[in-house]
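Residue-level structure breakdown
One letter stands for each residue in the lines below.
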Amino acid sequence: MKRMLFLTLALAVALTLMPLSSFAAPTYVTIGTGGVTGVYYPTGGAIAKMVNKKRKEYNLRATVESTGGSVFNVNAIGTGDLEFGVVQSDRQYQAYNGVADWEGAPVKKLRAVFSIHPESVTIVANAGKNIKTVADLKGKIVNIGNPGSGQRGNAMDLFEAAGINVDKDLQAEGMKAAESASMLQDGRIDAFFYTVGHPNGSVKEAVSGATKVNFVEVPGDIVKKLTDKFSYYAPAEIPVDQYSGVTNTADASTFGVKATLCTSSDVSDAAVYAITKEVFDNFDEFKTLHPAFAKLTKESMLQGLSAPLHPGAIKYYKEVGLMK
Ligand code: GLU
C-alpha cells in the first residue's frame, strides 16, 4: 500500500515537472518571412533559433522559409501551407477584417502572436533623377513590389493620398524587393518602395553602389491624411545615419507599420506557447539578434495586433503578468 502511494506520488510529481506543452511525436513548424535581404528573414531565423535551442524539451522544430512577403504569408497561413508568418500590422488588420486585398474573403483563422520591429515605408530613388518628394515620382519607373509583398498596398495608399494615378502618372513595376537594389543601380528603375525595418541588407546594397541614391520624403500633410484615414499607419522616419552613402542629410519623413508574428487558429496551443515563451523568456538575447530590434520592449510587442491573440500566446502572457 505504501509502495503504491509512493508510485502514485512519484508519477504525479513527474507529470507536474514535465512541460505540459511538449509534443509526443516530433512536430515541425515553418515560419514564412520575406526576401533574404530584408528584416523578416533574419527575424524568422531569430525566432526559430530561440525555440530550437529547446527542441529536445518541446519536441518541436522550427524552420524558416524565404517568401514573397506579408500578403503571401497571410494567405499561406490561411491555407495551412505555413504555420507561422511575419506580417505587416496593416496586412494583419485587412486580412482578418476582409478589406483591401481580402475584400469579401477575410482570413478568419488568422491569429496574432506578438508584434516585432517597426517598419517604415521606404522609397529609395536614383539621386540623379531629382525625386525629392512623392510628387516627383510622376513620370518615373517605380518598383512598387510583387503582389505578395506588404509594400505594394502601402504604395497604392500613398499614391491615392498624393493624388497620383498609378496607371497614368508613372510606370509601376511589380518585382520583389530583393531585386530592387541592383535594378536601381543598373538604371532599370528610378525608384523602389520597400516597407521594412532599419537597417536592412536591401537598402544597404542600394546605397553602396556607384549610382548615388536618396530617400524620398513623404510630406507631413500626406502622412497626416494617411494616419487620419487608417488607424494602422503612424508617422515614421528613415534613419540616414544607418546608411552611409545616401545623399539625404537629415532623416526622411514617411509613415510606417509594425512587423507582427501571425499564426492560424489550427496551430496547436503548445507550439504557439513554446515560441512565445522562448522569445520572451530570453528577450535580452533575442534583441541582440538584429539591430532593428534595438528598441523593442516586451510591452510594445503586445501592441499593434488586430487579429485575435492565439490562446497559446495568451497562456504565456497571463503566466508572466503581461496580460490580466
Ligand atoms: N514588409 C515587407 C513585406 O511585407 C517585408 C519586409 C522584410 O522582409 O523585412 O512584404
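Focus: helix 10 (residues 269-281)
Across its 13 residues, helix 10 extends 17 Å between first and last C-alpha, which sits within 8% of the 18 Å expected from 1.5 Å per residue. Taking burial as the measure, the 13 residues of helix 10 include 10 buried ones, the bulk of the element.

Points about unusual backbone geometry
Omega for the bond connecting His 198 with Pro 199 falls within 30 degrees of zero, at -5°, which places this linkage in the cis form. On the secondary structure map, Pro 199 appears in the loop between strand 7 (191-196) and helix 8 (201-207). Phi angles above zero are rare outside glycine, and Asn 59 is one such case at about 60°. Note that Asn 59 resides in the loop between helix 3 (55-58) and strand 2 (60-65). Note on Asn 59: relative accessible area 25%, which makes it partly exposed. One non-glycine residue with positive phi stands out, namely Ala 100, at about 55°. Position of Ala 100 among the secondary structure elements: in the loop between helix 5 (89-97) and strand 4 (110-126).

What to know about the packing of helix 6 (residues 151-162) against helix 9 (residues 220-229)
Where helix 6 meets helix 9, the closest approach of the two axes is 9 Å, and the angle between their N-to-C directions is 115°. Crossing hand, helix 6 versus helix 9: right-handed. Every residue of helix 9 that contacts helix 6 at Asp 157, Leu 158, Glu 160, Ala 161 and Ala 162 is listed here: Ile 222, Lys 225, Leu 226 and Lys 229. Across the contact of helix 6 with helix 9, the residue classes tally to 5 nonpolar, no polar and 4 charged.

Examining the pattern of salt bridges
For the coordinates displayed, the defined rule picks out 9 salt bridges. As a salt-bridge pair, Glu 160 and Lys 229 come within 3.5 Å of each other at their nearest N and O atoms. Of the two residues, Glu 160 is situated in helix 6 and Lys 229 in helix 9; the sequence distance between them amounts to 69 residues. Two residues, Asp 228 and Lys 224, come together in a salt bridge whose shortest N-O distance is 2.6 Å. Here the residue Asp 228 and the residue Lys 224 both occupy positions in helix 9, the gap between them amounting to 4 residues, near one helical turn.

A closer look at the nonpolar core
In this structure, Ile 47, Phe 84, Phe 114, Ile 116, Leu 261 and Phe 286 are the most contacted members of the largest nonpolar core, which totals 36 residues. In terms of residue count, helix 10 provides more of this core than any other element does, 8 residues in total. Leave out the neighbours within four places in its chain, and Phe 114 touches Ile 47, Thr 260, Leu 261, Ile 275, Thr 276, Val 279, Phe 280, Met 301, Leu 305 and Tyr 317.

Topic: the packing of aromatic side chains
The final tally for this structure, using the stated rule, is 14 aromatic pairs. Pairing Phe 215 with Tyr 243 gives two aromatic rings, centres 5.7 Å apart and planes at 75°, and the pair type is edge-to-face. Here Phe 215 is found in strand 8 (residues 213-215), whereas its partner Tyr 243 is found in the loop between strand 9 (234-238) and strand 10 (252-264), with 28 residues between them in sequence. For the residue pair Phe 215 and Tyr 243, the accessibility class agrees, reading buried in each case. Through a chain of ring-to-ring contacts, three or more aromatic side chains come together here, namely Phe 114, Tyr 273, Phe 280, Phe 283, Tyr 316 and Tyr 317. One cation-aromatic arrangement involves Lys 108 over Tyr 96; the distance from NZ or CZ to the ring centre is 3.8 Å.

Quick notes on the side chain of Thr 43
Along the polypeptide, Thr 43 turns up in helix 2 (residues 40-52). Here Thr 43 falls in the buried class, since its relative accessible area comes to 0%. When neighbours within four sequence positions are excluded, Thr 43 is seen to be in contact with Ile 116, His 117 and Phe 293.

Quick look at the pairing of strand 7
Remark: a regular strand shows side chains that alternate across the two faces of the sheet. Counting buried positions along strand 7 yields 6 of 6 residues, so the element is predominantly enclosed. With burial as the criterion, each face of strand 7 is covered, one bearing Ala 191, Phe 193 and Thr 195 and the other bearing Phe 192, Tyr 194 and Val 196. As judged from the 6 bridges shared by strand 4 and strand 7, these two strands associate in the antiparallel manner. Considered in strand 7, the bridge of Thr 122 is made with Tyr 194. Looking at chain direction, strand 5 (residues 141-143) and strand 7 are connected through 2 bridges and run parallel. Residue pairing in the sheet places Asn 143 in a bridge with Phe 192 of strand 7.

Some details on the site of the ligand
Close contacts around the ligand come from 13 residues, with Val 39, Ser 70, Gln 88, Gly 150 and Thr 195 the closest. In this structure, Ser 70 approaches the ligand through a side-chain N or O atom, which is 2.5 Å from an oxygen atom. With respect to the ligand, the backbone of Gly 150 contributes an N or O atom lying 2.8 Å from an oxygen atom. Contact with the protein chains covers 98% of the free accessible surface of the ligand, which is 300 Å². Sort the elements by how many residues they give to the shell around the ligand and strand 7 lands first, with 3 residues. Its residues assigned to classes, the shell around the ligand shows 4 nonpolar, 8 polar and 1 charged.

So, how was this worked out
Residues numbered from 1 in each chain as written. Predicted model: local features only at pLDDT ≥ 70, side-chain atom pairs only at ≥ 80, totals over all residues. Heavy atoms only, no water. Helix = DSSP H or I, 4+ residues; strand = E, 2+ residues; numbered from the N terminus. Expected span 1.5 Å × (residues − 1). Buried < 20%, exposed > 50% of the residue type's maximum accessible area, 1.4 Å probe, protein only. Axes fitted to C-alpha atoms, helices over the stretch in contact; angles between N-to-C directions. Left-handed = near helix turned anticlockwise from the far one by under 90°. Contact = heavy atoms within 4.5 Å. Nonpolar A, V, L, I, M, F, W, Y, C, P; charged D, E, K, R; others polar. Salt bridge = Lys/Arg side-chain N within 4 Å of Asp/Glu carboxyl O. Core = buried A, V, L, I, M, F, W, Y, C linked by side-chain atoms within 4.5 Å. Phe/Tyr/Trp six-rings, centres within 6.5 Å; stacked < 30°, edge-to-face > 60°. Lys NZ or Arg CZ within 6 Å of the ring centre and 35° of its normal. Pairing = 2+ DSSP bridges. Near = heavy atom within 4 Å. Polar contact = N/O pair within 3.5 Å; in protein donor to acceptor, adjacent residues only side chain to side chain. Areas by Shrake-Rupley, 256 points an atom, 1.4 Å probe, with all protein chains shown as cover.

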